Amino acid sequence: MAYTAKDYSALIGLPGFSETLLKNHFTLYQGYVTNTNKVLDTLDAMLKDGRAGTPEYAELKRRLGWEFDGMRLHEFYFENLGARSLNQGGALAKRLAADFGSYENWEKDFKATGAMRGIGWTVLYQDPTNGKLVNFWINEHDASHPAGCTPLLIMDVFEHAFMIDYGLKRADYITAFFNNINWNTVEGRVK
Ligand SMILES: [Fe+2]
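Everything numeric in this text was worked out from a predicted model, so none of it was measured. (Residues numbered from 1 in each chain as written. Predicted model: local features only at pLDDT ≥ 70, side-chain atom pairs only at ≥ 80, totals over all residues. Heavy atoms only, no water.)

(A) Fine view of unusual backbone geometry. Not every positive phi belongs to a glycine, and A83 is a case in point at roughly 55 degrees. For A83, the location among the structural elements is in the loop between α2 (55-79) and α3 (91-100). According to the relative accessible area criterion, A83 is partly exposed, its value standing at 40%. (Helix = DSSP H or I, 4+ residues; strand = E, 2+ residues; numbered from the N terminus. Buried < 20%, exposed > 50% of the residue type's maximum accessible area, 1.4 Å probe, protein only.)

Written out as structure tokens, the structure reads:
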């Protein structure tokens, strides 16, 4: 069954994110959905044609993770925007404080991860085996995801996520992102 691009136009008007930036970002996201479907369909056709052992098949198989993660991470990202505050007495706030020493330390680590040179994503992951929270740097879309962990908070730090509004000032974009986190969504992802 093919994937369908979701409609995130309700985010237009978010403080600190221009309409132009958001519309460009939605278009990029839609491209990942289209390409995920294309890659899956092509791989399926190649398999049925007896071409599964070819280098072309192998390269397309490698490509699948990049397109799929590009699609899914954008969905997580758009869905964790919308400015709802963290419940300071809730389970997630307590766990952040327990694992990082304090909420402030967690935020410092997440922001420093997002400020790293390179293009990719910063993701707060929870390891379901012990509940531990760790901030990960994801290179491009598909490198360094911790297997089996649950993504809770996702921040896009590809240049297209901020350059239209902030130029090279990535830190200012990260501040705007933090002002707009929908913590209700993030808390709902905790298992
Ligand atoms: Fe993006």
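(B) Spotlight on α3. Taken together, the buried positions of α3 are occupied by L92, A93, L96 and F100. The buried residues of α3 occupy an angular sector of 100 degrees when the element is viewed end-on, so they sit on one face. Exposed side chains of α3 directed beyond 90 degrees from the buried face belong to A91, K94 and A98. Elements in contact with the buried residues of α3: α4 (103-114), β1 (120-126), β2 (133-139), β3 (150-156) and α7 (183-189). G101 sits one or two positions beyond α3 and adopts a positive phi of about 95 degrees. (Arc of directions from axis to C-beta. Contact = heavy atoms within 4.5 Å.)

(C) Representation of the pattern of salt bridges. Here the structure, examined in full by the defined rule, presents nine salt bridges. Linking E19 and K23 is a salt bridge whose minimum nitrogen-to-oxygen distance equals 2.7 Å. Taken as a pair, E19 and K23 lie in helix α1 (residues 19-48) at a separation of four residues, close to a single helical turn. Overall, E19 belongs to the partly exposed group, its relative accessible area being 41%. In this structure, R72 engages E75 in a salt bridge whose closest nitrogen and oxygen atoms are separated by 3.1 Å. Remark: E75 and R72 occur in helix α2; sequence separation between them is three residues, near one turn of the helix. (Salt bridge = Lys/Arg side-chain N within 4 Å of Asp/Glu carboxyl O.)

(D) Up close: the coordination of the iron ion. Bound to the iron ion on the protein side are H25 (NE2), H74 (NE2), D156 (OD) and H160 (NE2), at distances that span 1.9 to 2.1 Å. Each of the four donor atoms bound to the iron ion contributes to angles spanning 87 to 133 degrees, and the resulting shape is tetrahedral. If you list the donors of the iron ion from N- to C-terminus, the spacing comes out as H-x48-H-x81-D-x3-H. (Donors = N, O, S within 2.8 Å, 3.2 Å for Na, K, Ca; no water. Tetrahedral: all angles 85-135°; square planar, octahedral: opposite > 155°, others 65-115°.)

(E) Up close: the packing of aromatic side chains. Tallied over the entire structure, the rule returns 21 aromatic pairs. With a centroid separation of 6.1 Å and 75 degrees between ring planes, the pair formed by F17 and Y173 is classed as edge-to-face. Taken as a pair, F17 in the segment before α1 and Y173 in helix α6 (residues 170-179) lie far apart in primary sequence, 156 residues in all. Consider the rings of Y125 and F136, whose centres lie 5.8 Å apart with planes at 90 degrees: the pair is edge-to-face. Of this pair, Y125 sits in strand β1 while F136 sits in strand β2, placing them eleven residues apart in sequence. Residue classification places Y125 among the buried positions, given a relative accessible area of 6%. Judged by its relative accessible area of 26%, F136 is partly exposed. When the ring centre of F178 is taken as origin, the NZ or CZ atom of K111, which lies over that ring, is 4.8 Å away. (Phe/Tyr/Trp six-rings, centres within 6.5 Å; stacked < 30°, edge-to-face > 60°. Lys NZ or Arg CZ within 6 Å of the ring centre and 35° of its normal.)

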